[in-house]
Amino acid sequence: MLQSKLFIKTIKELPKDETSFNAKELIRAGFIDKLAAGVYSFLPLGLKVHNKICWIIRQEMDAIGGQEILMPALIPKEAWATTNRWENFDALFRLAGGDKKEYGLGATHEEVVTPLVKKFVFSYKDLPAAVYQIQTKFRNELRAKAGLIRGREFSMKDLYSFHTDEKDLDKFYEVVTKSYFKILERCGLGGLTYLTYALGGTFSKYSHEFQTLAKTGEDTIYICQKCKIAINKEIIEEQKVCPQCKKKDFAEAKAVEVGNIFKLGARFSKPFGFTYMDEKGKKQDVVMGCYGLGPSRLMGTIVEVCHDGQGMIWPEEIAPFVASLLKIKNQKSKIKIDKVADKIYEDLEKAGVEVLYDDRENVSAGEKFAEADLIGCPYRLVVSEKTLARDSVEVKKRDKKEVEMVKISEVAKRLTHNMQHITESDFSEC
Ligand code: ATP
Ligand code: MG
């Protein structure tokens with residue numbers, strides 16, 4: 001993409017009421033725009049990152065047999081009333097339709113997915129089943145002060161699974177746990193995220209959260225020094241020892257809950273009368289699990305943990321572009337630099353490397369460097385008189401100090417080669 005054509009600009013004046021680091025940084029770099037507390041627009045660069053996170057989630061959900069659907073956000077009161085959540089779900093946005101009917105805006109979708117899947121599942125032969133969606137959710141959060149980490153409107157991937165019995169649910173629950181760690185690894189948060197025991201519900205003693213270490217996190221977790229799993233503060237009073245090794249050797253840390261998985265049992269299938277016929281022809285309640293993960297919260301969390309004083313440092317797989325290409329001109333060599341830089345950009349695009357080409361005229365070299373750092377693509381490529389004298393491009397990784405001269409003819413190969421390395425090593429602990 002040509003930076004000269006990008007309609008957004010980096011911003012120097014931030015909204016006065018914005019206090020969270022992730023939102024300030026993302027607004028400054030022109031990734032998002034703030035409409036109200038906890039309500040943001042995604043601009044071209046921000047949407048690219050968000051879509052890449054969603055793409056990774058889709059790949060991993062499909063890989064474990066999830067089937068993607070899309071449910072409505074406008075959910076009639078009756079559905080919520082069936083499970084007693086019309087009165088009891090504090091964060092539900094309730095609104096009146098023109099037909100005098102009332103609706104709740106989708107804050108979660110058990111009330112939609114349960115009767116939906118019921119229409120297609122009759123016998124044990126139809127189970128297990130797993131459906132998911134990536135959708136905008138609405139919650140009337142009291143404190144929406146953490147930028148993308150706590151939106152009133154935000155994106156969620158919600159997966160729901162349906163089983164004949166608890167044993168089958170347990171098996172799938174393990175599969176989802178592994179899949180979540182793959183997603184988080186690919187998003188650069190693998191090494192920073194702990195499986196955390198949290199409050200369960202009526203059906204199971206615990207639910208499990210995926211808590212990513214971040215100094216600014218709203219949650220407090222206790223990490224077992226032996227098992228590397230954690231316990232949420234909510235349950236530390238009841239659960240004083242590690243559920244795995246039974247020891248008490250914990251380290252306290254601040255973290256962000258990026259995902260949460262639950263065994264629901266028949267909590268929702270019962271009120272909706274969702275049963276199946278077992279092998280003996282007997283009716284049984286369908287056993288359910290639900291699994292949430294927040295792409296927009298993930299994006300905010302990544303900014304909180306992957307940055308330096310100059311700006312964001314995106315992990316390769318979710319960076320808006322692999323590289324920023326900066327054209328730095330002086331009067332003497334003007335014409336040639338234009339031509340060579342254009343050609344490098346075209347060659348990189350042809351080789352499948354996504355590049356943000358800073359082709360802007362009348363923008364100083366200093367500004368170009370500062371903006372490239374702020375935007376945070378994994379590589380910075382500079383074409384200048386100095387580099388052309390050596391028939392080269394200056395290559396620098398966003399998180400390293402060293403620069404390297406790479407022959408123009410080698411740049412595309414070099415970046416596509418490095419693309420594989422990056423996700424495996426450099427950014428896994430950023
Ligand atoms: P929290 O305890 O932080 O309020 P929650 O436990 O209510 O979150 P869930 O209902 O488990 O959240 O939602 C599943 C996932 O959706 C969360 O793990 C998180 O990634 C995301 N999520 C939930 N609420 C928000 C929000 N207000 N803004 C952004 N993402 C959210
Ligand atoms: Mg939760």
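Above this text sits the structure in question.
First, a word on what this report is: a plain description of the structure on this page. Nothing here was measured: the structure is a model prediction, and the numbers come from that model. The numbers attached to residues start from 1 for each chain and follow its sequence in the written order. To label them, take the chains in the order written and letter them from A, then take the ligands in the order written and number them from 1. Whole-chain, interface and lining totals are the exception, using all residues; otherwise, since this is a predicted model, local features are given only for residues with pLDDT of at least 70 and side-chain atom pairs are given and counted only at 80 or more. Just so you know, side-chain values use all the structure's heavy atoms and leave hydrogens and water out.

1. Quick notes on helix 1 (residues 21–28)
Piece 1. Exposure is judged per residue with a 1.4 Å probe applied to protein chains only, and the accessible area is read against the type maximum: over 50% gives exposed, under 20% gives buried, and values in between give partly exposed. Secondary structure follows DSSP: runs of H or I at least 4 residues long count as helices, runs of E at least 2 residues long count as strands, and numbering of each begins at the N terminus. Among the residues of helix 1, Asn22, Ala23, Glu25, Leu26 and Ile27 are the ones counted as buried.
Piece 2. Turning to helix 1, the residues buried within the fold contact strand 1 (32–36), strand 2 (39–42), helix 8 (295–305), strand 18 (311–312) and helix 10 (365–375). Two residues form a contact once any of their heavy atoms are found within 4.5 Å.

2. Structural notes on the packing of helix 2 (residues 44–63) against helix 8
Piece 1. Orientation is described by lines fitted to C-alpha atoms, with helices fitted over the stretch in contact, and by angles between N-to-C directions that extend from 0 to 180 degrees. Here helix 2 crosses helix 8 at 115°, and the two axes come no closer than 9 Å. Helix-helix and strand crossings are classified by hand; for helix 2 and helix 8 the assignment is right-handed. Taking contact as the criterion, the partners of Gly46, Val49, His50, Ile53, Cys54 and Ile57 in helix 2 are, on helix 8, Pro295, Ser296, Leu298, Met299 and Ile302.
Piece 2. For the contact of helix 2 with helix 8, the per-class residue count stands at 8 nonpolar, 3 polar and no charged. Two helices crossing with the near one rotated counterclockwise from the far one by less than a right angle form a left-handed crossing, whereas a clockwise rotation gives a right-handed crossing. Charged residues are taken to be Asp, Glu, Lys and Arg, nonpolar residues to be Ala, Val, Leu, Ile, Met, Phe, Trp, Tyr, Cys and Pro, and polar residues to be all remaining types, Gly included.

3. Here we look at the coordination of the magnesium ion (ligand 2)
Piece 1. With distances of 2.3 to 2.5 Å, the protein atoms coordinating the magnesium ion (ligand 2) are Glu257 (OE) and Asn260 (OD1).
Piece 2. Relative accessible area serves as the criterion here: at 21%, Glu257 is assigned to the partly exposed category. Distances define the donors: N, O and S atoms within 2.8 Å of the metal qualify, as do those within 3.2 Å of Na, K or Ca. Water is excluded, so some sites may look unfinished.

4. Some remarks on unusual backbone geometry
Piece 1. Residue Pro128 follows Leu127 across a cis peptide bond; omega there is 0°.
Piece 2. Structurally, Pro128 is set in the loop between helix 5 (110–118) and strand 7 (129–138).
Piece 3. Of note, Lys100 is a non-glycine position whose phi angle comes to about 65°, a positive value.
Piece 4. Within the fold, Lys100 resides in the loop between strand 5 (94–96) and strand 6 (102–105).
Piece 5. You can call Lys100 exposed: its relative accessible area is 80%.
Piece 6. Of note, Lys246 is a non-glycine position whose phi angle comes to about 65°, a positive value.
Piece 7. With respect to the helices, strands and loops of the structure, Lys246 is situated in the loop between helix 7 (233–236) and strand 13 (250–265).

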